[in-house]
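Residues per chain are reported as follows:
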Amino acid sequence: MTTLTMFKPVAPTEVETKLARESSRRLAGYRRGDLKVRVPGSDESIILPAAAVRLLIDLLSEMAAGNAITLIPIHAELTT
């Protein structure tokens, strides 16, 4: 069972906010499809599913606005 205490918010620094703004802007054109990403320092690449790309763009957009981010799976259980 997953609990919310495992998911701590990440507040972006000023440098990360600027980088997130540029990254989300550049990724926005890939919102509708899978994205092939080259792994630095190797010939390997990874294909990110379209849903993950959209989530990543949304996450970066929130960071670009200076907002703290947390990721919680839908099955996470709220406890008192």
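Residues numbered from 1 in each chain as written. Predicted model: local features only at pLDDT ≥ 70, side-chain atom pairs only at ≥ 80, totals over all residues. Heavy atoms only, no water.

### Describing the overall build of the protein chain
Turning to step 1, where the next piece is worked out: Along its length, the protein chain carries two helices and two strands.
Turning to step 2, where the next piece is worked out: Seen in sequence order, the protein chain has helices and strands lined up from the N terminus as α-β-β-α.
Turning to step 3, where the next piece is worked out: Taking 2.2 N^0.38 as the reference for a compact globule, 80 residues should give roughly 12 Å; the C-alpha atoms of the protein chain span a radius of gyration of 15 Å, well beyond that estimate.
Turning to step 4, where the next piece is worked out: The 80 residues of the protein chain split such that 19% are buried.
Turning to step 5, where the next piece is worked out: Excluding contacts between residues fewer than 6 apart, the proportion of contacts in the protein chain whose partners are at least 24 apart in sequence is 59%.
Turning to step 6, where the next piece is worked out: With the model as given, the accessible surface of the protein chain reaches about 6400 Å², and the carbon-plus-sulfur share is 59%.
Turning to step 7, where the next piece is worked out: In the protein chain, which carries 10 positive and 9 negative side-chain charges, the distance between the mean positions of the two groups comes to 6 Å. (Helix = DSSP H or I, 4+ residues; strand = E, 2+ residues; numbered from the N terminus. Rg over C-alpha atoms; globule rule 2.2 N^0.38 Å. Buried < 20%, exposed > 50% of the residue type's maximum accessible area, 1.4 Å probe, protein only. Contact = heavy atoms within 4.5 Å. Areas by Shrake-Rupley, 256 points an atom, 1.4 Å probe, with all protein chains shown as cover. Lys, Arg positive; Asp, Glu negative; His and termini not counted. Charge placed at Lys NZ, Arg CZ, Asp CG, Glu CD.)

### A word on the packing of helix H1 (residues 14-27) against helix H2 (residues 50-64)
Turning to step 1, where the next piece is worked out: The N-to-C vectors of H1 and H2 enclose an angle of 145°; their axes lie 7 Å apart at closest approach. In the crossing of H1 with H2, the sense of the turn from one axis to the other is left-handed. Residues Glu-16, Thr-17, Ala-20, Arg-21, Ser-23, Ser-24 and Leu-27 of H1 form the contact with H2, whose own contacting residues are Leu-56, Ile-57, Leu-60, Ser-61, Met-63 and Ala-64. (Axes fitted to C-alpha atoms, helices over the stretch in contact; angles between N-to-C directions. Left-handed = near helix turned anticlockwise from the far one by under 90°.)

### Details of the pairing of strand S1 (residues 35-38)
Turning to step 1, where the next piece is worked out: Pairing of S1 with strand S2 (residues 45-48) involves four bridges; the strand directions are antiparallel. Residue pairing for S2: Arg-38 is matched across the bridge by Ser-45.
Turning to step 2, where the next piece is worked out: Linkage of S1 to S2, two consecutive antiparallel strands, is achieved through a turn of six residues, within which Gly-41 is found at a positive phi near 80°. (Pairing = 2+ DSSP bridges.)

### What about H1?
Turning to step 1, where the next piece is worked out: The end-to-end C-alpha separation of H1 is 20 Å, in line with the 20 Å expected for 14 residues at 1.5 Å each.
Turning to step 2, where the next piece is worked out: Packing partners of the buried residues in H1 comprise S1 and H2. (Expected span 1.5 Å × (residues − 1).)

### Considering the side chain of Thr-17
Turning to step 1, where the next piece is worked out: With respect to the helices and strands, Thr-17 occurs in helix H1.
Turning to step 2, where the next piece is worked out: On the accessibility criterion, Thr-17 (12% relative accessible area) is buried.
Turning to step 3, where the next piece is worked out: Every residue in contact with Thr-17, bar those within four places of it in the chain, is listed here: Pro-12, Met-63, Ala-64 and Gly-66.

### Some points on the pattern of salt bridges
Turning to step 1, where the next piece is worked out: Taken as a whole and judged by the stated rule, the model has three salt bridges.
Turning to step 2, where the next piece is worked out: Across the pair Lys-18 and Glu-14 runs a salt bridge, and its minimum N-O distance is 3.7 Å. Placement of the pair is Lys-18 and Glu-14 together in helix H1, with a separation of four residues, close to one helical turn.
Turning to step 3, where the next piece is worked out: Glu-14 gets classed as exposed once you look at its relative accessible area, which sits at 60%.
Turning to step 4, where the next piece is worked out: Put simply, Glu-22 and Arg-25 hold a salt bridge, and the shortest N to O gap is 2.7 Å. One end of the pair, Glu-22, and the other, Arg-25, are both in helix H1, three residues apart, so they sit about a helical turn from each other.
Turning to step 5, where the next piece is worked out: Taking relative accessible area as the criterion, Glu-22 reaches 33% and is therefore assigned partly exposed. (Salt bridge = Lys/Arg side-chain N within 4 Å of Asp/Glu carboxyl O.)

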